[in-house]
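Spelled out, the chains give:
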Protein chains: 2
Amino acid sequence: MQKKAAARTPRITIRDVASDAGVSVAAVSKVLRDAYGVSEALRAKVQASMDKLNYRPLASARGLRGRTYTLGLVFPDLRNPFFADIFAGVNAALERTRYQAMQGISTSASALVEAMIDRQMDGLILVGPNENNERLNDIAKRTPLVVIGHHDIDGAKFDAVNNDDQLGARLAVRHLCQNGHSKIAMLSLSAPVSTVINQRELGYRLEMTEQGLGGAINILRAPQVLRDVQLTIRKLLESKDKPDAIFCWTDLMAFEAISVATELGLSIPDDLAVVGYDNTIFCDFSQNRLTSIDQSGEVLGLQATRLLIERIDGRMQPDHFVVTPRVVARASSARND
Amino acid sequence: MQKKAAARTPRITIRDVASDAGVSVAAVSKVLRDAYGVSEALRAKVQASMDKLNYRPLASARGLRGRTYTLGLVFPDLRNPFFADIFAGVNAALERTRYQAMQGISTSASALVEAMIDRQMDGLILVGPNENNERLNDIAKRTPLVVIGHHDIDGAKFDAVNNDDQLGARLAVRHLCQNGHSKIAMLSLSAPVSTVINQRELGYRLEMTEQGLGGAINILRAPQVLRDVQLTIRKLLESKDKPDAIFCWTDLMAFEAISVATELGLSIPDDLAVVGYDNTIFCDFSQNRLTSIDQSGEVLGLQATRLLIERIDGRMQPDHFVVTPRVVARASSARND
DNA sequence: GGAGAAATGTAGAACGCTACACGTAGAACA
DNA sequence: TGTTCTACGTGTAGCGTTCTACATTTCTCC
């Protein structure tokens, strides 16, 4: 008779450890959880058996009663290497803890969030979600939640970790002004409106006005789709009031802008200065040399994780952490006299 | 008395559904699993209750008896946008199935793999692992396993999905030859030796020899670290026998190469032709215009997922899927006469 | 109309762990 | 000497599913 599935090595259970150590299952569980009421002798004995048998507790079984020691990360997409920085921060924060991060990707966080709750994640970190507060609060009611990149936190029942996007945009504009540019356009995102975009647009407007350039305010919006971005940029650069600088809401878009400008025979930064956002590794390449706003994804990830674990451990009142962005100047926005 | 944790909304369980529908728990479970012996009437009744109560089965509980409907992906790092393609392929394959993919990152797959097995993943996809066959077979003994990017499959107990890396390298060399280049160097990876690297180096050697350029074979190896890569490239480009073309084992390295060359005042492709590998989205930007070998990550991810689900469903004999790479020519390797 | 088969539903024992309730022994106190 | 306390272990009831075994009903066919 043919077996249906492979005869996999059976797993070592807590019972095996208990019988090997000659103690009760409950005792092993106590050791496992660092619970109260364990003598040094018992701990040593159990630990020895666990090591010997190479025992590992099964997360599902734990989850049925308590925690799974798993955190869920939800990213909107992965093409942007900025998200890798966030993940690195999360992993750094988790080093030497018993938690493990698992990541999923979906533009519509909803389905993925449900899937993660089904899988007993102890807590969730949502990056740049398109959900509104009501929906987020609803999630927070069901699982500990930290959101990265969401500015509307009035009445929020969850924690938030943000880059000061308004300031970031202001810094970009200010930097361009200082380098002698005045017709500064902004390339923004059209499709999924987010509070992050709003803040950056607001910062751009405010700073332009403050710099006396209110008349030159020019915000273009394109969807994420590559083709549309290119078209939008091309139209802008070929128009009568072609800007002499452009602030892009993401490095990826900035690279697009440089690409189109190059194709049109414009030289960077003489004919067009460019500033991006995120300060991804690609900014450093000399074919890009892209000035960018650094929002240190690693810090964002690290702090979000810290807050999440606090919350899992019982904190009830919402917390909010803000990272201050900074300009990393490179050749793409060099002085233009 | 202060509560320790939030009073979270209690979850709807199978029992709730059963009592709402006025049937047994077992009946609901049958409906859930599409098991044999369910009348249309019963199915409808149960389905209605599930919809009404918005019931979702808990993965941990399922895992304790059967499957969790979760697949684990293990990537070596995330900075390379190529991996996003693979993930996209996986997600595409999973569309309209009940499976969900969860991803973790770690250069040393070992610990992460254990963590995933602890979390009852139904199967694992390892991308570009540094493990040897013995170790991989050991993992395969414990859980269904598919490996992407691992060529040593003699006696393998797992499935493999590969790009034909040897052919890819040959195509790169052949393409450069056809475009009039002859002093073709290869920039390879030093630190974690992998069968992928080996195959590419082999392909490079073989094709160079076949093209009568055996004397010009020149393989440089640098670790992943950015600084070291730059130094290696710089040294190569400043040496007496500076090549007129360079084949890089990854787009990322190719961009580095372009960057360094640009800094040295060399022009691409006239002074130096460059070919990368992976055909990532960044190749298209006109500041890069990088010729690259496309190994279609999406197909890799898709096929790996297909094989994995087959294996979860009981297939025992190992399978192997190979994707044929192709050259995507751009300006970085244009004809040089 | 009755026997056997097929179809449909249910009970209840796991799965591996946690955590509550409790038992026991020795120490501290009166 | 008895009582109370504290420290340390153990027994066992679940957690939410799946799945085997079985009971009941309905068909099918002579």
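Residues numbered from 1 in each chain as written. Chains lettered and ligands numbered in written order. Predicted model: local features only at pLDDT ≥ 70, side-chain atom pairs only at ≥ 80, totals over all residues. Heavy atoms only, no water.

## Examining the protein's contact with DNA strand D
Logical step 1: What surrounds DNA strand D is a group of 28 residues, the closest being Tyr36, Ser39 and Arg65 of chain A together with Ile14 and Ser29 of chain B.
Logical step 2: When the atoms of DNA strand D within 4 Å of the protein are sorted by group, sugar and phosphate make up 60%.
Logical step 3: With respect to DNA strand D, the side chain of Arg33 of chain B contributes an N or O atom lying 3.0 Å from a phosphate oxygen.
Logical step 4: The set of elements that each furnish at least two residues to the surface near DNA strand D consists of helix 2 (25–33) and helix 4 (59–65) of chain A together with helix 1 (14–21), helix 2 (25–33) and helix 4 (59–65) of chain B.
Logical step 5: Broken down by class, the residue content of the surface near DNA strand D amounts to 16 nonpolar, 5 polar and 7 charged. (Near = heavy atom within 4 Å. Polar contact = N/O pair within 3.5 Å; in protein donor to acceptor, adjacent residues only side chain to side chain. Helix = DSSP H or I, 4+ residues; strand = E, 2+ residues; numbered from the N terminus. Nonpolar A, V, L, I, M, F, W, Y, C, P; charged D, E, K, R; others polar.)

## Description of empty space enclosed by the protein
Over the atoms rolls a probe the size of a water molecule, and in doing so it shows where empty space is left.
Logical step 1: Per the counting criterion, the structure on display carries 3 cavities of 30 Å³ or more.
Logical step 2: Counted as a void, the largest cavity has a volume near 150 Å³.
Logical step 3: Forming the boundary of the largest cavity are 14 residues, of which Thr70, Arg119 and Met121 of chain A together with Arg119 and Met121 of chain B lie nearest the centre.
Logical step 4: Looking at the lining of the largest cavity residue by residue, the class counts come to 6 nonpolar, 6 polar and 2 charged.
Logical step 5: In this structure, the second largest cavity occupies an estimated 50 Å³ of space.
Logical step 6: Counting residues per element, the ones that place at least two in the lining of the second largest cavity are strand 1 (70–75) and strand 3 (123–127) of chain A.
Logical step 7: When the residues that make up the lining of the second largest cavity are grouped by side-chain class, the tally is 7 nonpolar, 4 polar and no charged. (1 Å grid on protein atoms, 1.4 Å probe; cavity = no way out; pocket = protein on both sides within 12 Å on 5 of 7 lines; lining within 4 Å. Points joined across faces, edges and corners; volume = space filled by probe spheres on them.)

## With respect to the domain arrangement of chain A
Logical step 1: The domain architecture assigned to chain A consists of domain 1 (14–57), domain 2 (70–164 + 297–323) and domain 3 (165–296 + 327–333).
Logical step 2: A straight line from the C-alpha centre of domain 1 of chain A to that of domain 3 of chain A covers 59 Å. (Domains from an automatic or database assignment.)

## Observations regarding the pairing of strand 7 (residues 219–222) of chain A
Logical step 1: Where strand 6 (residues 184–189) of chain A lies against strand 7 of chain A, 4 bridges are found, and the strand directions are parallel. Across the sheet, Ser188 of chain A pairs through a bridge with Arg221 of chain A, a residue of strand 7 of chain A. (Pairing = 2+ DSSP bridges.)

## Notes on the interface of chain B and chain A
Logical step 1: Counting residues at the interface gives 62 residues for chain B and 63 residues for chain A.
Logical step 2: Together chain B and chain A conceal approximately 5300 Å² of surface at their shared face, both sides included; 56% is due to carbon and sulfur atoms.
Logical step 3: Along the contact surface separating chain B from chain A lie 8 salt bridges.
Logical step 4: Residue Arg11 of chain B pairs with Asp118 of chain A through a salt bridge whose shortest N-O separation is 2.7 Å.
Logical step 5: The interface formed by chain B and chain A holds 23 residue pairs in polar contact (both at pLDDT 80 or more) in total.
Logical step 6: Taken together, the elements giving at least two residues each to the side of chain B that touches chain A come down to helix 4, helix 5 (82–94), strand 2 (100–105), helix 6 (109–118), helix 7 (133–142) and helix 11 (251–263) of chain B. (Contact = heavy atoms within 4.5 Å. Buried area = accessible area lost by both parts, 1.4 Å probe. Salt bridge = Lys/Arg side-chain N within 4 Å of Asp/Glu carboxyl O.)

## Describing the side chain of Gln100 of chain A
Logical step 1: Residue position: Gln100 of chain A is located in strand 2 (residues 100–105).
Logical step 2: Assessed through its relative accessible area of 18%, Gln100 of chain A is described here as buried.
Logical step 3: Once you skip the residues sitting within four places of it in the chain, Gln100 of chain A turns out to touch Tyr69, Thr70, Leu71 and Leu94 of chain A together with Leu112, Ala115 and Arg119 of chain B. (Buried < 20%, exposed > 50% of the residue type's maximum accessible area, 1.4 Å probe, protein only.)

## Here we look at the packing of aromatic side chains
Each aromatic ring pair is described using two quantities: the centre-to-centre distance and the angle formed by the ring planes.
Logical step 1: Scanning all chains against the criterion turns up 19 aromatic pairs over all chains.
Logical step 2: On the numbers, 5.4 Å between centres and 65° between planes, the contact of Phe75 of chain A with Phe83 of chain A is edge-to-face.
Logical step 3: Judged by relative accessible area, which is 1%, Phe75 of chain A ranks as buried.
Logical step 4: Judged by its relative accessible area of 9%, Phe83 of chain A falls in the buried class.
Logical step 5: A centroid spacing of 5.9 Å and a plane angle of 50° characterise the contact between Phe82 of chain A and Phe83 of chain A, whose relative ring orientation is tilted. Each member of the pair, Phe82 of chain A together with Phe83 of chain A, is buried.
Logical step 6: Taken together through their ring pairs, the aromatic side chains of Phe255, Phe282 and Phe285 of chain A together with Phe255, Phe282 and Phe285 of chain B make up a single cluster. (Phe/Tyr/Trp six-rings, centres within 6.5 Å; stacked < 30°, edge-to-face > 60°.)

## Topic: the pattern of salt bridges
Where side chains of opposite charge bring their charged atoms close, a pairing between them can arise.
Logical step 1: Evaluation of the coordinates by the stated rule reveals 51 salt bridges over all chains.
Logical step 2: Taking the shortest distance from any N to any O, the salt bridge between Arg79 of chain A and Asp85 of chain B comes out at 2.5 Å. On the criterion of chain membership, the pair formed by Arg79 of chain A in the loop between strand 1 and helix 5 (82–94) and Asp85 of chain B in helix 5 is interchain, its members lying in two chains.
Logical step 3: Exposure remark for Arg79 of chain A: the relative accessible area of 28% places this residue in the partly exposed category.
Logical step 4: Note that Glu310 of chain B and Arg315 of chain B form a salt bridge whose closest N and O atoms lie 2.8 Å from each other.
Logical step 5: With relative accessibility at 29%, the residue Glu310 of chain B sits in the partly exposed group.
Logical step 6: Among the charged side chains, a network of salt bridges with common partners joins Glu114, Glu131, Arg135, Asp138 and Arg142 of chain A.

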